[in-house]
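Descriptive analysis of the structure
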Amino acid sequence: MITGKMKTLIKLFLILLFSFNINANEKGNKNQYKFSILSIGEGSSLADAFGHTGIRIRDTITNDDIVFNFGIYDFNSPNFYSNFVKGRPQYKLGVQKYKNFSKNYKKENRYIIEHVINLNENSSKKIIELLVENLKNPNYTYDYLRDNCATRVADILIDKSSNNLKTESLNEQGADTYRNLIHSKINENSWGALGIDICLGAVIDKKITLRETLFLPENLMNYLTQIQKENPQLISQQIIFKPKELKKLPVTKIFISPLFINILLSIIIIFFTLLSFKRGYWIKSIDFIIYSVTGIIGLLIIYLWFFSNHFASAQNFNFLWAFPFNLLMIYALLRKNIPNWANNFVKLNIIMLLLLFIHWLTGVQKYNITLLPIFVTLLFRYFYLVFQINKKLR
């Protein structure tokens, strides 16, 4: 819902648009508006780890100063979490007074860097009209890689500024991938990165163009800085707020980090596997847990891949270790007499894990490094299961 304050600001902006046409004609097409891009630094939470971007517009005659913000969301809105899981999170464009906008980020100790764009009157008019058109229907389906606060601003500037901000390098493929850029902002040995790497597939391991990297506000900021160096008449840059220390996500304590936990679990499983092998008994509870956990994670992967709108969750080969049909093995393990197909199923698990390592080495998909101990342990445990099942069948 649009608040009363926001409605007031929207009305104000519509007045500005009307005055734009009048004043531009009266002043010989002199542009009375100053456009700038505000780049906000990273915050201390996972939701703020990638920074933020806004469009600032100042009226040099009336001194009105407002910011267009494509990053507004409401956790309390109906179906917010279910829409997020389905890949349809609803965000919206909002209008804020610049003082309020900047005050919040200064309070959070996040840097604010401004790039003032010296647009001509025609480009200014196009952008204003486009922003007003967006305000008529401010809601949009958010996509954290292809349609977010930074990509929307980049598209407006690049496509509506008479090509002044469009360079040939934008469509050139670089060395970056979506996953590498995500890891540049989130430590790979963190629960947030682990969750992202499990849920997102091989599509984010393909090399992307410079324009596609602009989903990160910092990359858009760096792109504008590069243009500013080459053409200082077009763009000027200033630091509005510089914190004494840059905000970063808190480092996960070593004893609760994914790598430590996964190594600890791996040691426990391998120890009891060796112990049971030596003493000639089978601890089935370990395999109940393994097949239950990997099966449930596999169901999540398949859901995100085939039944959600998350573009980045496609081609997710994490199912090679988190196989949804692993849940069938629970039935086999519960039976007094292990069925014959269980042996072949475990062999299939081994083959899929070996294929996973081939994928990893050849760059088809990059898996979270903290899962390596788990992969090795699963392989070890599956070989043990083949031995035990063959023994039972004999």
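Scope of this entry: the structure provided in the associated data block. (Residues numbered from 1 in each chain as written. Predicted model: local features only at pLDDT ≥ 70, side-chain atom pairs only at ≥ 80, totals over all residues. Heavy atoms only, no water.)

Overview of the overall build of the protein
The condition is simple: Each helix is a run of DSSP H or I of at least 4 residues and each strand a run of E of at least 2, with the numbering of both proceeding from the N terminus. Only protein chains enter the area calculation, which uses a 1.4 Å probe; residues under 20% of their type maximum are buried, those over 50% are exposed, and those in between are partly exposed. Residues count as neighbours in contact if any of their non-hydrogen atoms are within 4.5 Å of one another. Surface exposure here means Shrake-Rupley accessible area, sampled with a 1.4 Å probe, where a residue is shielded only by the protein chains that are shown.
Within the protein, the regular secondary structure consists of 13 helices and nine strands. Going through the 394 residues of the protein one by one, you find that 49% of them count as buried. In the protein, 77% of the contacts between residues at least 6 apart in sequence involve partners at least 24 apart. For the protein, the accessible area works out to roughly 20,300 Å², and carbon and sulfur atoms hold 59% of it.

A few points about the packing of aromatic side chains
Threshold: Here a pair means two rings of Phe, Tyr or Trp (six-membered ring of Trp) with centres within 6.5 Å. Their orientation is stacked below 30 degrees between planes, edge-to-face above 60, and tilted elsewhere. Charge-over-ring contacts are defined here by two conditions on Lys NZ or Arg CZ: a distance within 6 Å of the ring centre and an angle within 35 degrees of the ring normal.
The final tally for this structure, using the stated rule, is 25 aromatic pairs. The interplanar angle of 20° and the centroid separation of 6.5 Å between the aromatic rings of Y303 and F307 together place this pair among those described as stacked. Taken together, the positions of Y303 and F307, both in helix α10 (residues 284-307) and four residues apart, correspond to about one turn of that helix. What makes Y303 partly exposed here is its relative accessible area of 28%. Looking at F307, the relative accessible area reads 60%, which means it is exposed. Between W360 and Y367, the ring centres sit 5.6 Å apart and the planes meet at 65°, which makes this aromatic pair edge-to-face. One aromatic cluster in this structure is built from Y291, F323, F325, W341, F345 and Y382. One residue, R56, lies across the ring of Y98, its end atom 3.5 Å from the ring centre. For R152, the ring lying beneath its charged end belongs to Y140, and the centroid distance is 3.9 Å.

Looking at the nonpolar core
Stated formally: Buried Ala, Val, Leu, Ile, Met, Phe, Trp, Tyr and Cys residues that are joined via side-chain atoms within 4.5 Å together make up what is termed a nonpolar core.
Counting residues in hydrophobic clusters, the biggest one holds 37 residues, and the most contacted among them are Y291, W321, M329, V346, F375 and Y382. For this core, the elements supplying multiple residues, two or more each, are α7 (191-199), α10, α11 (328-334), α12 (340-362) and α13 (372-393). A total of nine residues in this core trace back to one element, the largest contributor, which is α13. Counting residues in hydrophobic clusters, the runner-up holds 35 residues, among them Y33, I57, I66 and V132.

Focus on the pattern of salt bridges
Note the threshold: Salt bridge, as applied in this entry: a Lys or Arg side-chain nitrogen positioned within 4 Å of an Asp or Glu carboxyl oxygen.
Counted according to the given criterion, the structure contains 16 salt bridges. Here K136 makes a salt bridge to E133, at a shortest N to O gap of 3.4 Å. Remark: E133 and K136 occur in helix α4 (residues 121-136); sequence separation between them is three residues, near one turn of the helix. Overall, K136 belongs to the exposed group, its relative accessible area being 62%. Residue classification places E133 among the partly exposed positions, given a relative accessible area of 48%. With its nearest N and O atoms 3.4 Å apart, the salt bridge here joins D143 to R146. Connected through shared salt-bridge partners, R56, R58, D65 and E114 make up one network.

A short note on α12
The condition that has to hold: To estimate how far a helix should extend, the number of its residues minus one is multiplied by 1.5 Å.
Taking 1.5 Å of rise per residue, the 23 residues of α12 would be expected to cover 33 Å, and the 34 Å separating its terminal C-alpha atoms lies within 8% of that figure. Looking at the buried residues of α12, the elements they touch are α10, α11 and α13.

Observations concerning the pairing of strand β3 (residues 65-72)
Under the convention used in this document: Two strands are counted as paired when DSSP detects at least two bridges linking them.
Counted residue by residue, β3 has seven buried out of eight residues, so it is predominantly covered. In this structure, strand β2 (residues 52-59) lies alongside β3, joined through four bridges in antiparallel fashion. From the neighbouring strand, I57 faces β3, where its bridge partner is I66. With antiparallel pairing between neighbouring strands as the criterion, β2 and β3 make up a hairpin whose turn holds five residues, including N63 at a positive phi of roughly 65°. Here β3 runs beside strand β4 (residues 90-97); their pairing, made up of five bridges, is antiparallel. Within β4, the position partnered with I72 by the bridge is K92.

Keep in mind that these numbers describe shape and distance, not what the molecule does.
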